[in-house]
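These are the residues of each chain, in order.
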Amino acid sequence: MKKVFIVAILALSLNSFAQDRKEKHSRGEMEQMTPEQRNQLMVKKMTLELDLNAKQQEQVGKIMEEQSAKRKAMKAERKAKMEDAKADRFEMANKMLDDQIEMKNKMKSILSADQYTKWESQREKNREKMGERMERWKEKHKGEKRD
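These figures come from a predicted structure and were not determined experimentally.

What counts, and where the lines are drawn
- Residues numbered from 1 in each chain as written.
- Predicted model: local features only at pLDDT ≥ 70, side-chain atom pairs only at ≥ 80, totals over all residues.
- Heavy atoms only, no water.
- Salt bridge = Lys/Arg side-chain N within 4 Å of Asp/Glu carboxyl O.
- Helix = DSSP H or I, 4+ residues; strand = E, 2+ residues; numbered from the N terminus.
- Buried < 20%, exposed > 50% of the residue type's maximum accessible area, 1.4 Å probe, protein only.
- Axes fitted to C-alpha atoms, helices over the stretch in contact; angles between N-to-C directions.
- Parallel < 35°, antiparallel > 145°, perpendicular 65-115°, else oblique.
- Left-handed = near helix turned anticlockwise from the far one by under 90°.
- Contact = heavy atoms within 4.5 Å.
- Polar contact = N/O pair within 3.5 Å; in protein donor to acceptor, adjacent residues only side chain to side chain.
- pLDDT = per-residue confidence, 0-100.
- Phe/Tyr/Trp six-rings, centres within 6.5 Å; stacked < 30°, edge-to-face > 60°.
- Nonpolar A, V, L, I, M, F, W, Y, C, P; charged D, E, K, R; others polar.

### So, the pattern of salt bridges
Okay, so step 1: One pass over the structure, following the stated rule, counts eleven salt bridges.
Okay, so step 2: With a shortest N-O distance of 3.9 Å, Lys 118 and Asp 114 are connected by a salt bridge. Highlighted residues: Lys 118 and Asp 114, both in helix H5 (residues 113-140), separated by four residues, approximately one helical turn.
Okay, so step 3: In this structure, the salt-bridge partner of Glu 120 is Arg 123, at a minimum N-O distance of 3.8 Å. Taken together, the positions of Glu 120 and Arg 123, both in helix H5 and three residues apart, correspond to about one turn of that helix. Like Arg 123, Glu 120 is buried.
Okay, so step 4: Taken together, the shared-partner salt bridges in this structure form one network comprising Glu 66, Lys 70, Lys 95, Asp 99, Glu 102 and Lys 106.

### Comments concerning the packing of helix H2 (residues 35-50) against H5
Axis angle and axis distance: for two packed helices, these are the angle between their axes and the distance between the axes, and together they describe the pair.
Okay, so step 1: The contact between H2 and H5 brings their axes to 10 Å, and the two run at 120°. What the angle tells us is that H2 and H5 run oblique. Crossing handedness for the pair H2 and H5: right-handed. Each of Met 46, Glu 49 and Leu 50 in H2 lies in contact with H5, whose residues at this interface are Gln 115, Lys 118, Trp 119 and Gln 122.

### Description of the side chain of Thr 47
Okay, so step 1: Tracing the backbone shows Thr 47 in helix H2.
Okay, so step 2: Looking at Thr 47, its side chain comes within polar contact range of the main-chain oxygen of Val 43, at 2.8 Å.
Okay, so step 3: In contact with Thr 47, other than residues within four places in its own chain, are Leu 52 and Gln 57.

### Some remarks on the confidence of the model for the protein
Okay, so step 1: Across the protein, the average pLDDT comes to 82, with 74% of residues at or above 70.
Okay, so step 2: Mean pLDDT across the secondary structure elements of the protein bottoms out at helix H1 (residues 2-32), with 62, and peaks at H5, with 93.

### Section: the packing of aromatic side chains
Okay, so step 1: Inspection of the entire model under this criterion finds one aromatic pair.
Okay, so step 2: Ring geometry for Tyr 116 against Trp 119: centres 5.7 Å apart, planes inclined by 40°, an arrangement best described as tilted. Placement of the pair is Tyr 116 and Trp 119 together in helix H5, with a separation of three residues, close to one helical turn. Trp 119 shares its class with Tyr 116; the two are buried.

### Digging into the packing of helix H4 (residues 89-110) against H5
Okay, so step 1: Where H4 contacts H5, the two axes come as close as 10 Å, and the packing angle between them is 145°. For the element pair H4 and H5, the recorded crossing hand is right-handed. Across the interface between the two elements, Met 103, Lys 104, Met 107 and Lys 108 of H4 pack against Tyr 116, Trp 119, Glu 120 and Arg 123 of H5.
Okay, so step 2: Taken together, the residues of the contact of H4 with H5 sort by class into four nonpolar, no polar and four charged.

Right under this line is the structure:
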């Protein structure tokens, strides 16, 4: 019984190690791409998932470009605010939520009801994945002192 337990623990630890390596590898590839390349891939993935027509692809591509530019600007802004100890979290969260509402309304006006539903469910899946990654990160960095 003891041996079975040890084998099970080893199998689980090897499995989680393999998943971590796979995630790092896939994340590294996306980081090496230009924002334009990432946007193009996102539009193509959405075309496959939502069966977008050419006009929708063009419109969604423009939205992705806008979002990419906003993210880049927000990242620079966030970096500047992080240096300032009095960063107002409420304003940042409020602005981010306003941007999400704007994005949602734009997508709703472009996509059909069925496409919009699929898009929403895919976004929810991505949020869940991000939450899982954040939890793993928190566990990994638990007890570390932050500056």
